[in-house]
Amino acid sequence: MNVGSWLGRRVRRVRRNIGRNQERSRSARGRVGTVLVCVLAGLMMTVAAIAARGTDLRADRNSDIRSLIVAQGQRNSELKGEADRIGKDIKELSGQVGGASGTSEQLDRAQLEAGLTAVSGPGLRVTLSDAPGDVKPAGVDDDSLVVHQQDIQAVVNALWSGGAEAISIQGQRIISTTGIKCVGNTVVLHGVPYAPPYVIEAIGGSADLRAGLGSSKAVTIYKQYVEAYGLGYSVEDVGRLDLPAFSGSTGITNAEKED
């Protein structure tokens, strides 16, 4: 027997056996690694689903805010309609009680003064609007190019001082407890957001109402911005204005006593 040949065959057989064992070991490690990766991925997806609770973890916050504003505006409109219906029912019941007690005339006068009755008559229409979008004066911030709540309030106060019998903004009746608020580039009135132009209507004598506007320092300052930066301001006589009754709560929820 050739000893060298025999030894060679034995060496090759041992090498083959070692190679097979290594392949089995690598294959086993690979299967275990694959299982571990799948388990880890499943665990991560489960944790993410629990944290999201069915929502988008990277939702667009601005989109959510816009949707919330639109939804709230619709809800406010629905509540306004419901308040109008309830107001009519109250008016009918109040008329029955007033007729029985002889105080119907006093009740009607009180409702008129409180703005709870629709009114019609001649008056003024004042329109305020932002400066055109292409107006960008050097050194002037954007705040100076838009209509603010104080501008609207200045016109309303001037019209009251001019003897206005009733006033509306954007078609909503204004009463003594009405608050005008700025939210971004919109104005919120009775919980409803409005964008410019802002239309203010007042019933009363045209000459007196114009005199009230002319004597207001705040309106005069606004008109200076109109001339300098192109903000909108127009006043027109209207032969007949139809202002709706105020709908909503007339109660005061907060008050402070002045010293």
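Scroll up to find the structure this text is about.
Let us look at the structure shown here. Keep in mind the model is a prediction, meaning the values are calculated, not measured.

Thoughts on the environment of Arg 85
Considering the arrangement of structural elements, one finds Arg 85 in helix α2 (residues 61-101). In this structure the C-alpha to C-alpha distance between Arg 85 and Ser 247, which are 162 residues apart in sequence, comes to 9.4 Å.

A look at the sheet that holds strand β4 (residues 180-183)
Here three strands make up an open sheet; going across it, the order is β4-β5-β6 and the pairing antiparallel. With one partner strand each, in any of the chains shown, β4 and β6 (192-194) form the two edges of the open sheet. Each adjacent strand pair in this sheet contributes to an overall mean axis angle of 35°, direction not counted. When β4 meets strand β5 (residues 186-189), the two strands line up antiparallel, connected through four bridges. Bridge pairing in β5 links Val 183 to Thr 186. Where helix α4 (residues 149-161) meets the sheet, its contacts fall on β4 and β5, and the angle it forms with β4 comes to roughly 160°.

Some points on the pattern of salt bridges
Summed over all chains, the structure comprises five salt bridges. Across the pair Glu 236 and Arg 125 runs a salt bridge, and its minimum N-O distance is 3.6 Å. With Glu 236 in strand β8 (residues 232-243) and Arg 125 in strand β1 (residues 119-129), this residue pair connects regions lying 111 residues apart in the sequence. Among the salt bridges present, the one from Arg 210 reaches Asp 237, with a minimum N-O distance of 3.3 Å. Residue Arg 210 is located in helix α5 (residues 206-214), and its partner Asp 237 is located in strand β8; the two are separated by 27 residues in the primary sequence. When its relative accessible area of 37% is taken as the criterion, Arg 210 is described as partly exposed. Through salt bridges with shared partners, one network takes in Arg 125, Glu 201 and Glu 236.

Concerning unusual backbone geometry
Along the chain, Pro 196 connects to Pro 197 via a cis peptide bond; the corresponding omega equals 5°. Relative to the helices and strands, Pro 197 is located in the loop between β6 and β7 (198-203). Even without glycine at this site, Gln 170 takes up a positive phi of about 55°. Following the sequence through the fold, Gln 170 ends up in the loop between β2 (166-169) and β3 (172-173). Looking at Gln 170, the relative accessible area reads 22%, which means it is partly exposed. Phi at His 190 takes a positive value of approximately 55°, unusual for a residue other than glycine. In this fold, His 190 is placed in the loop between β5 and β6. For His 190, a relative accessible area of 29% puts it in the partly exposed group.

The rules behind each value
- Residues numbered from 1 in each chain as written.
- Predicted model: local features only at pLDDT ≥ 70, side-chain atom pairs only at ≥ 80, totals over all residues.
- Heavy atoms only, no water.
- Helix = DSSP H or I, 4+ residues; strand = E, 2+ residues; numbered from the N terminus.
- Pairing = 2+ DSSP bridges.
- Axes fitted to C-alpha atoms, helices over the stretch in contact; angles between N-to-C directions.
- Contact = heavy atoms within 4.5 Å.
- Salt bridge = Lys/Arg side-chain N within 4 Å of Asp/Glu carboxyl O.
- Buried < 20%, exposed > 50% of the residue type's maximum accessible area, 1.4 Å probe, protein only.

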